[in-house]
Amino acid sequence: MRDVLDARRLLATHLQPTPTRSYPALDRATGTHVVVKHENHQPTGAFKVRGALNLLLRLTPDERTHGVTAFSTGNHAQAVAHAARTTATPCIIVMPTHPNPTKADAVRDLGARLVLTGTTFDDAREHATALAGEDGSRLVSAANEPLLVAGVATAYLELLADAPDLDVLVVPVGGGSGAAAACLVAQALAPGLEVVAVQSAASPAAHDSWRARDLVARPNTSRAEGLATGTGFALTQAVLREHLDDFVLVDDDTIDRAAALYLTAARTVAEGAGAAALAAVLADPDRFAGRRVGVVCSGGNASPAELRRVSAHLPR
């Protein structure tokens, strides 16, 4: 926790706390009391900026001169690009060939060099690793970075300060930095708080790695790019194995229905990963009924195509 508290101090001059809010319409739709942590209100539209800033602000002058390289389906990309601009660090971002255009445009606007390759997150990771090996830049993993986890954990310090009486906290997982961070903060500040992770059933690598207690690879076909990872990550899985209470899967259609509910009940744009925690509550109402449930809206960078798809679930 000392690293988390140090991250909070460092980030205080760069990021404002994000809102923690409740909505009667969400409570009515879910049959429980839902508390939303709005990480979609970050300057990059997602929680990852906390970790990226915490890491890049601590680079040595030599590391900053050589620059950074990162791989992502989008939100980690924007986070590293934002942090690189803040710290005047050269930056290369590797994304799959057909990325969410909203996220790709944001990376370009932030001044990073964008490289598109392969079809999945895992293809981008392989190419970014090779690039960093060639040019000597600092490879910034999407999850295997203690400073990323510490930075992300500041969101859960804020959430538990605003809502100290939660019964359960539901956190979306791609690489797992958010869920690992939630576990560490809950263990330190609210040891009775149940932490539940959620991933798409179409990209279950993190879920299956946790269940197997080993890193495994799985098919990676989720439409929710923030959840779409094909392998588990060693650092975050180690934390999850020790502290996570449960890990569930939801299908992509349920995620879209949750995103539609955010639009109507909370006046909130949530991308797929951002809607996944709420989707888990919708998918298993008996489990959460009558409890105070914290859900993390981890990002709001929905593409135009995603918004059109989600709109099919809006009331007519």
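Please read all numbers here as calculations on a predicted model, not as lab measurements.

What counts and what doesn't
Residues numbered from 1 in each chain as written. Predicted model: local features only at pLDDT ≥ 70, side-chain atom pairs only at ≥ 80, totals over all residues. Heavy atoms only, no water. Helix = DSSP H or I, 4+ residues; strand = E, 2+ residues; numbered from the N terminus. Rg over C-alpha atoms; globule rule 2.2 N^0.38 Å. Buried < 20%, exposed > 50% of the residue type's maximum accessible area, 1.4 Å probe, protein only. Contact = heavy atoms within 4.5 Å. Areas by Shrake-Rupley, 256 points an atom, 1.4 Å probe, with all protein chains shown as cover. UniProt positions renumbered as here; feature names shortened; annotations may be inferred. Expected span 1.5 Å × (residues − 1). Pairing = 2+ DSSP bridges. Axes fitted to C-alpha atoms, helices over the stretch in contact; angles between N-to-C directions. Phe/Tyr/Trp six-rings, centres within 6.5 Å; stacked < 30°, edge-to-face > 60°. Domains from an automatic or database assignment. Buried area = accessible area lost by both parts, 1.4 Å probe. Salt bridge = Lys/Arg side-chain N within 4 Å of Asp/Glu carboxyl O.

### A closer look at the overall build of the protein chain
- Looking only at helices and strands, the protein chain has 15 helices and ten strands in total.
- Computed over C-alpha atoms, the radius of gyration of the protein chain comes to 18 Å, within 12% of the 20 Å expected from 2.2 N^0.38 for 316 residues, which places it in the range of a compact globule.
- Principal axes of the C-alpha set define a box for the protein chain whose edges measure 55 × 40 × 35 Å.
- Counting only residues that meet the buried cut, the protein chain has 59% of its 316 residues in that class.
- For the protein chain, long-range pairs separated by at least 24 residues make up 72% of all intrachain contacts whose partners lie at least 6 apart in sequence.
- Accessible surface for the protein chain amounts to roughly 12,100 Å². Of this, 51% is attributable to carbon and sulfur atoms.

### Concerning the UniProt feature "domain: Tryptophan synthase beta chain-like PALP" (unreviewed entry) in the protein chain
- The UniProt feature table records "domain: Tryptophan synthase beta chain-like PALP" (unreviewed entry) at residues 13-299.
- Secondary structure over residues 13-299 splits into 48% helix and 17% strand, and the C-alpha atoms at its two ends are 21 Å apart.

### Focus on helix α9 (residues 177-189)
- Between its first and last C-alpha, α9 extends 18 Å over 13 residues, near the 18 Å set by a 1.5 Å rise per residue.
- Along α9, the residues that are buried comprise Ser 177, Gly 178, Ala 179, Ala 180, Ala 181, Ala 182, Cys 183, Val 185 and Ala 186.
- Residues of α9 that are buried in the fold lie against α3 (48-56), α8 (146-162), β7 (168-172), β8 (194-200) and α11 (234-243).

### Some details on the sheet that holds strand β1 (residues 20-22)
- Sheet architecture is open: six strands sit in the order β1-β2-β10-β7-β8-β9, paired in mixed fashion. The open sheet has two free edges, formed respectively by β1 and β9 (246-250), since each of these has just one partner strand. Strand-to-strand twist in this sheet, taken as the mean axis angle between neighbours without regard to direction, amounts to 25 degrees.
- As defined by bridge partners, β8 adjoins β9 across five bridges and the pair is classed as parallel. Following the sheet pairing, Gln 199 is matched in β9 by Leu 249.

### Quick look at the packing of aromatic side chains
- If you walk through the whole model with that rule in mind, you get three aromatic pairs.
- On the basis of an interplanar angle of 65 degrees and a centroid distance of 5.5 Å, the ring pair of Phe 71 and Phe 121 is categorised as edge-to-face. On the criterion of sequence distance, the pair formed by Phe 71 in strand β3 (residues 68-71) and Phe 121 in helix α7 (residues 121-135) is long-range, its members being 50 residues apart.
- On the basis of relative accessibility, which here comes to 2%, the residue Phe 71 falls in the buried class.
- Its relative accessible area of 5% is what places Phe 121 among the buried residues.
- The interplanar angle of 70 degrees and the centroid separation of 6.1 Å between the aromatic rings of Phe 121 and Phe 233 together place this pair among those described as edge-to-face. In this pair, Phe 121 sits in helix α7 while Phe 233 sits in the loop between α10 (205-212) and α11, placing the two residues 112 residues apart along the sequence. With respect to class, Phe 121 is no different from Phe 233; both count as buried.
- Following the ring pairs from residue to residue traces out a cluster consisting of Phe 71, Phe 121 and Phe 233.

### Regarding the domain arrangement of the protein chain
- Each domain of the protein chain was delimited in the assignment, giving domain 1 (1-46 + 145-312) and domain 2 (48-139).
- Put simply, the middle of domain 1 and the middle of domain 2, counted by C-alpha atoms, are 22 Å apart.
- Between domain 1 and domain 2, the residue contacts involve 37 residues of the former and 27 residues of the latter.
- Summed over both partners, the interface of domain 1 with domain 2 buries about 2,600 Å², with 56% contributed by carbon and sulfur atoms.
- Counting the contacts that link domain 1 with domain 2 gives six salt bridges.
- Close ionic contact of Glu 39 with Arg 50 constitutes a salt bridge, the shortest N to O distance being 2.7 Å.
- Taken together, the elements giving at least two residues each to the side of domain 1 that touches domain 2 come down to α1 (2-11), α8 and α15 (304-311).
- Sort the elements by how many residues they give to the side of domain 1 that touches domain 2 and α8 lands first, with eight residues.

### Thoughts on α8
- Taking 1.5 Å as the rise per residue, α8 with 17 residues should run 24 Å; its terminal C-alpha atoms sit 25 Å apart, in good agreement.
- Of all 17 residues in α8, 13 are buried; the element is thus mostly enclosed.

### Some words on the sheet that holds strand β4 (residues 91-95)
- Reading across from one edge, β5-β4-β3-β6 is the order of the four strands in this open sheet, with parallel pairing throughout. A single partner strand is all that each edge strand has here, and the edge strands are β5 (113-116) and β6 (138-140). Sheet twist, expressed as the average angle between the axes of neighbouring strands with direction ignored, equals 20 degrees.
- Pairing of β3 with β6, which is carried by three bridges, proceeds in the parallel orientation.

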